[in-house]
Amino acid sequence: MSNLVPTAAAEPCVSEPTAPTLEALPGRLTDLGGLPIRRLLPRSRRRLVGSWCFLDSYGPLTFSSGKPMDVAPHPHIGLQTVSWLLEGELVHNDSLGLAGPAGPGVLNLMTAGRGIAHSEETPARNVGRLRGLQLWVALHGASRETSPAFAQHRALPIVEVEGGRATLLMGDLGGVRSPGRTFSPMVGADVSGEPDHRLVLPLDSDFEHALVLLQGGCRLDGQALSIDTLYYLGCGRRDLVLVSEREAARLLLLGGAPFGETILMWWNFVARTTEEIMAAREDWRAGRRFGEVRAYGGPRLDAPPFVPHRVPS
Ligand code: MN
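Reading the values: the criteria
Residues numbered from 1 in each chain as written. Predicted model: local features only at pLDDT ≥ 70, side-chain atom pairs only at ≥ 80, totals over all residues. Heavy atoms only, no water. Core = buried A, V, L, I, M, F, W, Y, C linked by side-chain atoms within 4.5 Å. Buried < 20%, exposed > 50% of the residue type's maximum accessible area, 1.4 Å probe, protein only. Contact = heavy atoms within 4.5 Å. Phe/Tyr/Trp six-rings, centres within 6.5 Å; stacked < 30°, edge-to-face > 60°. Helix = DSSP H or I, 4+ residues; strand = E, 2+ residues; numbered from the N terminus. Pairing = 2+ DSSP bridges. Axes fitted to C-alpha atoms, helices over the stretch in contact; angles between N-to-C directions.

1. Things to note about the nonpolar core
Counting 25 residues, the largest nonpolar core has Trp-52, Leu-55, Met-170 and Leu-252 as its most contacted members. Aside from chain neighbours lying at most four places away, what touches Leu-55 is Arg-38, Arg-39, Leu-40, Leu-41, Leu-133, Gln-134, Leu-135, Val-212, Leu-230, Leu-252 and Leu-254. One finds Val-191, Leu-199, Leu-203 and Leu-211 within the second-largest nonpolar core, a separate group that totals 24 residues.

Below, the structure written as structure tokens:
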């Protein structure tokens, strides 16, 4: 989806991996027409986890009419979008003419590369519930001009681990690889622990990792985790031992090789310079580069105002 709470100035995002740690970063809550959205990445204290550069957790929401998610066509550059639902449905349409109706268990993976436009909306036939995750992966300088693409994955690998299992969304975990196309070493997994059990996740010690509790309860390093808080774990951990509580825990595990490049994020763009952002914004405004999302029944999103340089406060 679109960055629904954009800032006027671009945000420089520096890769700053640390030694093993447990750093709690509560989500910043926004309410968009009744849909609660918690921004977990980027935050001022932590902007990248490997190549993961954006994470919104939205819902849960119960509704009886309308479309709680209706994000009109908007552009992206320099990233991949990873859309994952815990409850409900979304339909993706893009400027390549591809459609992706998705529900729980179905991964929508869009590679923006040099430029794509898409829309995401709640379909007319729905269960009246919505809870999901919107993630972005930043592309390195060497791959960020790649051709735009969209893929849907309906049979993701399940990795059995001590005390639970993980649905592997992106990258590698425990010797298993997701079919989702990646451009750098990473992991993204939806992990479920059995109630009252020790849950052990094998990690790549070269990666930096983060964890988000989505449902239920569990403890890590003796600390009870809060829902919709990003726990930054640093680099160098070989495994993660979590203790599930009576209500089985569901968690999102993110990790990757430290990104190593500084990126500039603004609205739905991952860039390197303000000139590049201004060019992409102008191309969207003028109807160039990104193409049209013909399947969407309505006007596209206008780019918000862009302030090339921060005004000192
Ligand atoms: Mn989007």
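2. Brief notes about the packing of aromatic side chains
On inspection of all chains with the given rule, the structure shows 7 aromatic pairs. Centroid distance Trp-266 to Phe-269: 5.8 Å. Interplanar angle 55°. Geometry classified as tilted. Here Trp-266 and Phe-269 have matching classes, each one buried. By way of ring pairs, the aromatic residues Trp-266, Trp-267, Phe-269, Trp-284, Phe-290 and Phe-306 are connected into one cluster.

3. Some words on the environment of Ala-112
Here Ala-112 lies in the loop between strand 10 (107-111) and strand 11 (116-121). Distance in space between the C-alpha atoms of Ala-112 and Thr-167 is 24 Å, their sequence separation being 55 residues. Excluding residues that lie within four positions of it along the chain, Ala-112 makes contacts with His-76, Ile-77, Gly-78, Leu-79, Thr-146 and Pro-148.

4. Notes on the sheet that holds strand 9 (residues 99-102)
Spatially, 4 strands are ordered 6-11-8-9 in an open sheet, and the strand pairing comes out antiparallel. Of all strands in the sheet, those with a lone pairing partner are strand 6 (70-76) and strand 9, marking the two edges. In this sheet, adjacent strand axes meet at a mean angle of 15° when their direction is disregarded.

5. Comments concerning the pairing of strand 22 (residues 229-235)
Summarising burial for strand 22: 7 of the 7 residues are buried, a large majority. Summarising the sheet, strand 2 (residues 23-26) and strand 22 pair through 4 bridges and their orientation is antiparallel. Across the sheet, the residue bridging to Leu-25 is Leu-230, located in strand 22. Relative to strand 22, strand 19 (residues 208-215) runs antiparallel, the two being bridged by 5 bridges. Across the sheet, the residue bridging to Glu-208 is Cys-235, located in strand 22.

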